[in-house]
Amino acid sequence: MLFKKSLILVIGLALIVCGCGRRAGTSLTVAGSTAFQPFAEKLAEQFMAKRPAVNITVQGGGSALGIQAARSGAAQIGMADLVELPPEAKELLGVTVARDGIAIIVNPANTLTNLGLEQIRGIFQGTIKNWQEVGGADHPVRVISREAGSGTRSSFETIIGGITLANAALIQDSNGTIRETVANDRDAVGYLSHGLLNAKVKALRANGVECTEKEIVTGRYKLVRPVFLLVQPPPAGAVKDFIDYILSGEGQETIRQNGLLPAQ
């Protein structure tokens, strides 16, 4: 199930919270979304430069882990990039800090430039098995997907709708490993945060619309989800200060400059 407890990871986070090897002062643990993790790390670095008495550790593990860690107290802040927060998160305060497009990516050697939503659904559920069926070369389609518990996967499947992931799909545990797998496989297709696109992969248009900041802002690109920070209410002390910093002009500009969209 999407939000099955990841016990080993939560225990590991609890050890961090207990203070193993931390420096003196206030320590915060932020855990969850691997898509938002590099952005949270950058924001934490900037915040700690201004507040050297605060030590922030950022962990990945996926949105399901972020929700569980925030609920259990293993992390003071959970990260989740989901179209909608699940019932498990109802006891938490969710603060939207960014928006993120989900790009459909292929290897640059793939000649395709566009897929319709029905074609995307067919590819990922395994009913379209050859690129030739959607106007590409006569090569088998190799589907690369995130694991259950990933906010990127949950949001992707929610937006596209009706997807039962192909049994042959290769499962990866982060946006970065999806990107590298597709970059090294001519016939692969995957999805990732548009903020993590680079020249190693090619983002396809979805229904003729590019996955760009402009098209996301206008609402024409439909594969978009919010990024939430989740805390036990009410946030106070360094937790509130860090969230306030992320929502400040400087924090939101850092998010924009690094490839995501501000919360508003």
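All values derive from a computational prediction rather than experimental measurement.

**Things to note about the environment of Asn175**
Item 1. Mapped onto the elements, Asn175 comes out in helix α6 (residues 175-183).
Item 2. Relative accessible area serves as the criterion here: at 2%, Asn175 is assigned to the buried category.

**Details of the domain arrangement of the protein**
Item 1. Looking at the protein, the domain boundaries give domain 1 (27-100 + 226-262) and domain 2 (101-218).
Item 2. One C-alpha centre belongs to domain 1, the other to domain 2, and the line joining them spans 26 Å.
Item 3. Each side of the interface is counted separately: domain 1 has 17 residues, and domain 2 has 20 residues.
Item 4. Buried surface at the junction of domain 1 and domain 2, both sides included, amounts to about 1300 Å², of which 56% is carbon and sulfur.
Item 5. It is Val83, Asp100 and Leu261 that lose the most area in domain 1 upon contact with domain 2, and together they represent 38% of the buried surface on that side.
Item 6. Where domain 1 meets domain 2, there are 0 salt bridges.
Item 7. Here domain 1 and domain 2 share 9 residue pairs in polar contact (both at pLDDT 80 or more) between them.
Item 8. Looking at the side of domain 1 that touches domain 2, the elements with two or more residues in it are α2 (37-50), α3 (63-72) and β4 (93-106).
Item 9. When grouped by side-chain class, the residues that make up the side of domain 1 that touches domain 2 number 8 nonpolar, 5 polar and 4 charged.

**Description of the pattern of salt bridges**
Item 1. In this structure the tally under the stated criterion is 17 salt bridges.
Item 2. Put simply, Glu253 and Arg256 hold a salt bridge, and the shortest N to O gap is 2.6 Å. In this pair, Glu253 and Arg256 are both assigned in helix α9 (residues 249-257), 3 residues apart and thus about one turn of the helix distant.
Item 3. Residue classification places Glu253 among the partly exposed residues on the basis of a relative accessible area of 31%.
Item 4. Judged by relative accessible area, which is 33%, Arg256 ranks as partly exposed.
Item 5. Three or more residues joined by partner-sharing salt bridges are found here, namely Arg142, Asp185, Arg186 and Asp187.

**Comments concerning the packing of aromatic side chains**
Item 1. Inspection of every chain in the model, using the stated rule, returns 6 aromatic pairs.
Item 2. Between Phe156 and Tyr191, the ring centres sit 4.3 Å apart and the planes meet at 15 degrees, which makes this aromatic pair stacked. Here Tyr191 lies in strand β8 (residues 188-193) and Phe156 lies in helix α5 (residues 151-160), a separation of 35 residues in the sequence.

**What about α9?**
Item 1. Along α9, the positions that sit buried rather than exposed are Gly251, Gln252, Thr254 and Ile255. Along α9, the residues classed as buried sweep out an arc of 155 degrees about the axis, all on the same side. The exposed residues of α9 that point more than 90 degrees off its buried face are Gly249 and Gln257.
Item 2. Contacts made by the buried residues of α9 are with α2, β4, α8 (237-247) and β11 (261-262).
Item 3. Where α9 ends, the next residue or the one after it, Gly259, has phi of about 115 degrees, a positive value.

Rules behind the numbers
All residue numbers here refer to positions counted from 1 along the written sequence of the relevant chain. Two thresholds apply to this predicted model, a pLDDT of at least 70 for residue-level local features and 80 or more for giving and counting side-chain atom pairs, whereas whole-chain, interface and lining totals are computed over all residues. Only hydrogens and water are set aside when side-chain values are computed; all heavy atoms of the structure are taken into account. Each helix is a run of DSSP H or I of at least 4 residues and each strand a run of E of at least 2, with the numbering of both proceeding from the N terminus. Classification of residues uses two cut-offs on accessible area relative to the type maximum, computed with a 1.4 Å probe and protein chains only: under 20% is buried, over 50% is exposed, and between them is partly exposed. Boundaries between domains were set according to an automatic or database domain assignment. By definition, residues are in contact when any of their heavy atoms lie within 4.5 Å. Buried surface area refers to the total accessible area, computed with a probe of radius 1.4 Å, that the two partners give up upon joining, counted for both partners together. Salt bridge, as used here, is a side-chain nitrogen of Lys or Arg placed within 4 Å of a carboxyl oxygen of Asp or Glu. Counting of polar contacts relies on pairs of N or O atoms within 3.5 Å, with two restrictions inside protein: one atom must be capable of donating a hydrogen and the other of accepting it, and residues adjacent in sequence are counted only when both atoms are side-chain atoms. For this classification, the nonpolar set comprises Ala, Val, Leu, Ile, Met, Phe, Trp, Tyr, Cys and Pro, the charged set comprises Asp, Glu, Lys and Arg, and every other residue, Gly included, is treated as polar. Any two rings among Phe, Tyr and Trp, with Trp reduced to its six-membered ring, count as a pair given centres within 6.5 Å; such a pair is stacked if its planes are under 30 degrees apart, edge-to-face if over 60, and tilted if neither. Directions pointing from the helix axis toward each C-beta atom define the arc.

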